[in-house]
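Architecture and fold: a report
Spelled out, the chains give:
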Amino acid sequence: MRLEDIASINGKSGLYKIIKPTRTGVIVESLDEKKNRLVITSTNKVSILHDISIYTTTVEGSVPLKKVLHTLHQQFKDQCPVTTESSPQELAQFMLQLLPDYDSDRVYISDIKKLITWYGLL
């Protein structure tokens with residue numbers, strides 16, 4: 001599965017596989033066990049995972065999500081050491097371990113929780 005084919009839709013939980021475009025939007029299928037199909041119109045904000053980056057304090061200013069997910073898989077395989085229920089301090093420590101130069105002022109705890117959720121889905 002390629003990140004170019006996976007989307008996050010504002011206002012909807014989870015991730016969605018892009019099936020095909022329509023005249024008024026795009027057909028997507030949820031990645032959960034239900035495999036619900038939806039037609040998403042231009043009124044919804046759709047973010048393709050390939051285009052998402054995480055802010056850093058480096059000269060580049062960000063790291064592509066693909067690289068962060070790859071690092072997460074290399075370090076922890078299928079056993080992520082934190083969950084979305086972990087404390088904010090644990091989540092921040094996890095992010096420091098995963099990406100030492102992440103920008104803690106611009107990457108919120110909710111973003112780290114989203115990263116963990118997405119990793120579990122993928």
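Figured I'd write up the structure that's included with this text. (Residues numbered from 1 in each chain as written. Predicted model: local features only at pLDDT ≥ 70, side-chain atom pairs only at ≥ 80, totals over all residues. Heavy atoms only, no water.)

Another point: the packing of helix H2 (residues 88–98) against helix H3 (residues 109–121). At a minimum axis separation of 10 Å, H2 and H3 run at an interaxial angle of 70°. By the angle between their directions, the pair H2 and H3 is classed as roughly perpendicular. Regarding H2 and H3, the two cross each other, and that crossing is left-handed. In this structure, H2 contributes Pro 88, Leu 91, Ala 92, Phe 94, Met 95 and Leu 98 to the contact, and H3 contributes Ile 109, Ile 112, Lys 113, Leu 115 and Ile 116. Classifying every residue of the contact of H2 with H3 by side-chain character gives 10 nonpolar, no polar and 1 charged. (Axes fitted to C-alpha atoms, helices over the stretch in contact; angles between N-to-C directions. Helix = DSSP H or I, 4+ residues; strand = E, 2+ residues; numbered from the N terminus. Parallel < 35°, antiparallel > 145°, perpendicular 65-115°, else oblique. Left-handed = near helix turned anticlockwise from the far one by under 90°. Contact = heavy atoms within 4.5 Å. Nonpolar A, V, L, I, M, F, W, Y, C, P; charged D, E, K, R; others polar.)

With that settled, consider the layout of surface pockets. One water molecule sets the probe size; rolling that probe over the atoms shows where empty space is left. Looking at the largest pocket, its volume works out to about 530 Å³. Ser 8, Ile 52, Asp 111, Lys 114 and Trp 118 are, among the 24 residues lining the largest pocket, the residues nearest its centre. Listing elements by their share of the lining of the largest pocket, those giving two or more residues are strand S1 (6–9), strand S6 (53–55) and H3. The greatest single-element share of the lining of the largest pocket, amounting to 7 residues, is contributed by H3. Tallied by class, the residues present in the lining of the largest pocket amount to 10 nonpolar, 8 polar and 6 charged. (1 Å grid on protein atoms, 1.4 Å probe; cavity = no way out; pocket = protein on both sides within 12 Å on 5 of 7 lines; lining within 4 Å. Points joined across faces, edges and corners; volume = space filled by probe spheres on them.)

It is worth spelling out the sheet that holds strand S4 (residues 37–41) at this point. Here 5 strands make up an open sheet; going across it, the order is S4-S3-S2-S1-S5 and the pairing antiparallel. What marks the edges here is a single partner per strand, and that holds for S4 and strand S5 (46–48). In this sheet, neighbouring strand axes are inclined to one another by 45° on average, regardless of whether the strands run parallel or antiparallel. Where strand S3 (residues 25–30) lies against S4, 5 bridges are found, and the strand directions are antiparallel. Counted as the bridge partner of Val 28 is Leu 38 from S4. (Pairing = 2+ DSSP bridges.)

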